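# Understanding the architecture of this molecule
So the chains spell out like this:
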Amino acid sequence: MQVITRYALLVCGRRGDMGELPMGNGREIFHFANHVVKGRWFSLFASFLIMAGAGATYLFGTYSKEIKASLGYDQTTLNLLGFFKDLGANVGVFSGLIAEVTPTWFVLLVGAAMNFTGYFMIWLSVVGKIPKPKVWHMCIYICLGANSQNFANTGALVTSVRNFPESRGNMIGLLKGFTGLSGAIMTQLYLAVYGNDSKSLILLIAWLPAAVSVIFVYTIREMRVVKQPNQLRVFYYCLTIAIVLALFLMVMTLVEKAVAFSHAAYVVTATVACALLFLPLLVFVREELDVFRRKNMPISPPQIDTEHRPVVLEKEDNSTTLEIKKGDTNSKCFWFTDIFFNKPERGEDYSILQALLSTDMLILFLATFCGLGTSLTAVDNLGQIGESLGYPTTTIKSFVSLLSIWNFFGRIFSGFVSETLLVKYKFPRPLMMTLVLLLSCIGLLLIAFPFPGSVYVASVIIGFSFGAQLPLLFSIISELFGLKYYSTLFNCGQLASPLGSYILNVKVTGPLYDRQALKELAKKGLTRSSVKELTCIGNQCYRQAFIILASVAFFGALASLILVARTRNFYKGDIYKKFREQAEATEAEMASTNNNRIH
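Residues numbered from 1 in each chain as written. Predicted model: local features only at pLDDT ≥ 70, side-chain atom pairs only at ≥ 80, totals over all residues. Heavy atoms only, no water.

### Concerning the overall build of the protein chain
Secondary structure summary: the protein chain contains 25 helices and 2 strands in total. When each of the 599 residues of the protein chain is scored for burial, the buried share is 58%. On the protein chain, roughly 24,000 Å² of surface is accessible, and the fraction owed to carbon and sulfur atoms is 65%. (Helix = DSSP H or I, 4+ residues; strand = E, 2+ residues; numbered from the N terminus. Buried < 20%, exposed > 50% of the residue type's maximum accessible area, 1.4 Å probe, protein only. Areas by Shrake-Rupley, 256 points an atom, 1.4 Å probe, with all protein chains shown as cover.)

This is the structure we're talking about:
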């Protein structure tokens, strides 16, 4: 513990910047270490790690070929598995509702159990440790495993947003960014641990994310929102570290494609990746040192309510997060007229039914259906797209890793850039979503009309646009409908994603691919029974399907423009005012408590 404390002081630059922390008293060192582990920043660090392991669904393109070959599936059946993966990954209503009535540690433990059970059963099936399961068994396994990421999202992301409400765009961008990097991180780890064995990747996906959740289960919880002037700077430090990690992973992905790596080389790259993943902890220890110093010295209470309106500080149930209520407050709505007609102003706390049955949410649902539905379809078929265009297996894995890395850049970009544009220029987030959906149309068309190297570009564009949509969706929901029922609402908001994946992937893309593959077999004088695996080779395999997908994405962009028009006045205002007042009120209370203790 003493080493950690001394290193924290070293990171601070000048000792005087943070005040003197007594180093000779073991009791004080213990108090500081205890303060770090129980602090908001360490909770955020634990959330980073959990989210970095919560992106196993994005690796489906890597191991789906193993499932298809081992179990003898055609493309429609594989796409059906992809749909149940997307269904599990995006139907998070259960995790949201559970989080409303149980502590965060319980949510994380449930997610860990589901993750291990689902993916471990898939691994047993693929390696032949159990009899070949029926298709519906495999659908249940992958749905169960994928659904675990909603529990990780709900436990880590929702808690972090409530702990840092004024920086929610940056926060969501970072957290979802680490999830976007998860595929590339897990790839490096499995190469280091198991070698180039895609079946073992499924085993790694089963135990590693579950282990991380169990280790940090008690450190992630809601805490008091305290004003910290350099908070934005800390997030930019984390952004810099995350970008360095992403660039390292991207370079390693390209180098591993061109050079044959030994097992020792894979171990080195995985070690460097893990070191970069843990680097934000040093930044957070430094910030906790500042908080520790301020917490133990008298502070003049700030003036917080210049309009002289009554301010009431309340604690909700067992949560330590403070809420500020001014004047008259929207009461809980239970009646039909309240749900449909007497809704709160945008930005206030909606009830679950008020939010779900609002026009704004319906428009978001439609845009999500089109945007995430088309992106998920492209992601799930990326392995088969590379195969149909004649790329080797190593190159196809490069496509998946590139998509994962640019998925990260999309999340970071939409989180930080949309936050900056919103705060400085009142640029509405729904307009950013419109631009992202238009960008995705280009990537989809590059697959429909391929040329040499076009899949590389398409992987970058689709990964970027896919990643950018999620932080925007989650941020818009929190801004329009409040944070009181955010655990449930943000999970409900992405329900359109699996619906879009089912219709566009299972009912459109899969059958069109199989139809084209059957045509190719007929030209060779063969039938479906003549081959174990139905495969299509050529530019025409995905052309018609991806023209349809590009059209759907364009329609989603038009739908999001309607939301831009509806919310333009809301985004012209100061949407973070009440959260600043909340943080100032907490600081005033802490100052009063410290002064009373000292005097």
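That shown, we press on.
### Here we look at the pattern of salt bridges
Counting across every chain of the model gives 9 salt bridges. A salt bridge links Glu 419 to Arg 429; the nearest nitrogen and oxygen atoms lie 2.7 Å apart. Of this pair, Glu 419 sits in helix α19 (residues 393-425) while Arg 429 sits in helix α20 (residues 429-448); the two residues are 10 residues apart in sequence, bridging distant segments of the chain. The class for Glu 419 is buried, based on a relative accessible area of 4%. On the basis of relative accessible area, Arg 429 is assigned to the buried category, the value being 1%. Several salt bridges converge on common partners, so that one network encompasses Arg 346, Asp 360 and Arg 566. (Salt bridge = Lys/Arg side-chain N within 4 Å of Asp/Glu carboxyl O.)

### Considerations on the side chain of Thr 434
Tracing the sequence through the fold places Thr 434 in helix α20. Residue classification places Thr 434 among the buried positions, given a relative accessible area of 4%.

### What to know about helix α11 (residues 198-215)
With 18 residues, α11 extends 26 Å from end C-alpha to end C-alpha; this agrees with the ideal 26 Å at 1.5 Å per step. Helix geometry: α11 is bent most strongly at Leu 204, by close to 25°. The buried count for α11 comes to 13 of 18 residues, which makes it a mostly enclosed element. (Expected span 1.5 Å × (residues − 1). Bend = angle between axes of the 7 residues up to and from the residue.)

### Re empty space enclosed by the protein
Per the counting criterion, the structure on display carries 6 cavities of 30 Å³ or more. Reported here for the largest cavity is a volume of approximately 140 Å³. Lining the largest cavity are 20 residues; nearest its centre among them are Asn 115, Ser 148, Gln 149, Ala 152 and Pro 209. When contributions to the lining of the largest cavity are tallied by element, the ones reaching two or more residues are α8 (104-126), α9 (135-163) and α11. The leading source of residues in the lining of the largest cavity is α9, at 6 residues. Looking at the lining of the largest cavity, its residues break down into 11 nonpolar, 9 polar and no charged. Considered as a void within the structure, the second largest cavity measures approximately 110 Å³ in volume. What lines the second largest cavity is a set of 15 residues, and nearest its centre among them are Tyr 58, Ala 89, Asn 90, Gln 149 and Phe 466. Those elements that provide at least two residues to the lining of the second largest cavity are α6 (75-90), α9, α17 (359-380) and α21 (454-481). Within the lining of the second largest cavity, the residues separate by chemical class into 6 nonpolar, 6 polar and 3 charged. (1 Å grid on protein atoms, 1.4 Å probe; cavity = no way out; pocket = protein on both sides within 12 Å on 5 of 7 lines; lining within 4 Å. Points joined across faces, edges and corners; volume = space filled by probe spheres on them. Nonpolar A, V, L, I, M, F, W, Y, C, P; charged D, E, K, R; others polar.)

### With respect to the state of the cysteines
Taken as a whole and judged by the stated rule, the model has 1 disulfide. Shown here is the disulfide that connects Cys 536 with Cys 541, its sulfur atoms set 2.0 Å apart. Judged by the sign of its S-S torsion, about -85°, the cystine formed by Cys 536 and Cys 541 is left-handed. Judged by relative accessible area, Cys 536 falls into the buried class, the value being 0%. For Cys 541, a relative accessible area of 4% translates into the label buried. Cysteine Cys 143 shares no disulfide, and the gap to the nearest cysteine sulfur, in Cys 139, comes to 8.6 Å. (Disulfide = S-S within 2.5 Å.)

### Re the confidence of the model for the protein chain
In this model, the protein chain carries an average pLDDT of 81, and 83% of its residues clear a pLDDT of 70 or more. Of all helices and strands in the protein chain, the one with the weakest mean pLDDT is strand β1 (residues 311-315) (36), whereas α20 scores best (95). Note that residues 1-23 has pLDDT below 50 and, in this model, 38 contacts with residues that lie over four places away or in other chains. Residue range residues 299-334 is modelled with pLDDT below 50. Its contacts to residues more than four positions away, or to other chains, number 66 contacts. (pLDDT = per-residue confidence, 0-100. Contact = heavy atoms within 4.5 Å.)

### As for the nonpolar core
The biggest cluster of nonpolar side chains holds 164 residues, and the ones touching the most others in it are Tyr 63, Ile 67, Tyr 486 and Phe 546. No other element matches α21, which puts 15 residues into this core. Not counting the four nearest positions on each side in its chain, Ile 67 is found in contact with Gly 72, Tyr 73, Leu 78, Leu 81, Ile 122, Val 126 and Met 138. (Core = buried A, V, L, I, M, F, W, Y, C linked by side-chain atoms within 4.5 Å.)

### Let's talk about helix α13 (residues 263-278)
End to end, α13 covers 23 Å across 16 residues, agreeing with the expected 22 Å (1.5 Å per residue, within 8%). Among the residues of α13, Tyr 266, Thr 269, Ala 270, Ala 273, Leu 276 and Leu 277 are the ones counted as buried. Projected down its long axis, α13 shows its buried positions confined to an angular sector of 120°, all on one face. When the buried face of α13 is taken as reference, the exposed residues oriented beyond 90 degrees from it are Ala 264 and Val 268. (Arc of directions from axis to C-beta.)

### Focus on the environment of Gln 75
Mapped onto the elements of the fold, Gln 75 is located in helix α6. On the basis of relative accessible area, Gln 75 is assigned to the buried category, the value being 0%. Spatially, the C-alpha atom of Gln 75 lies 9.3 Å from that of Val 506, the residues being 431 residues apart in sequence. Setting aside anything within four residues of it in sequence, one finds Gln 75 in contact with Lys 68, Asn 381, Gln 384, Tyr 513, Asp 514 and Tyr 542.

### Some remarks on unusual backbone geometry
Positive phi, normally seen in glycine, also occurs at Lys 426, with a value near 55°. Residue Lys 426 is classed as partly exposed on the basis of its relative accessible area, which comes to 33%.

### Points about the packing of helix α7 (residues 93-101) against α9
The geometry of α7 relative to α9 is characterised by a closest axis approach of 8 Å and an angle of 40° between their N-to-C directions. Relative to α9, α7 is oriented oblique. Note on packing geometry: the crossing formed by α7 with α9 is right-handed. Within the contact between the two elements, α7 uses Ser 95, Gly 96, Ile 98 and Ala 99 and α9 uses Asn 150, Phe 151 and Thr 154. Along the lines of polarity and charge, the residues of the contact of α7 with α9 split into 3 nonpolar, 4 polar and no charged. (Axes fitted to C-alpha atoms, helices over the stretch in contact; angles between N-to-C directions. Parallel < 35°, antiparallel > 145°, perpendicular 65-115°, else oblique. Left-handed = near helix turned anticlockwise from the far one by under 90°.)

### Quick word on the environment of Phe 554
Residue position: Phe 554 is located in helix α24 (residues 543-572). Phe 554 sits 116 residues away from Leu 438 along the chain, and the two C-alpha atoms are 6.1 Å apart. With residues up to four places along the chain from it excluded, the contact list for Phe 554 reads Leu 438 and Cys 441.

### Some remarks on the environment of Ala 458
With respect to the helices and strands, Ala 458 occurs in helix α21. Note on Ala 458: relative accessible area 1%, which makes it buried. For the pair Ala 458 and Leu 382, spaced 76 residues apart in sequence, the C-alpha to C-alpha distance is 9.9 Å. Not counting chain neighbours up to four residues away, the residues in contact with Ala 458 comprise Gly 443, Leu 446, Ile 447 and Gly 463.

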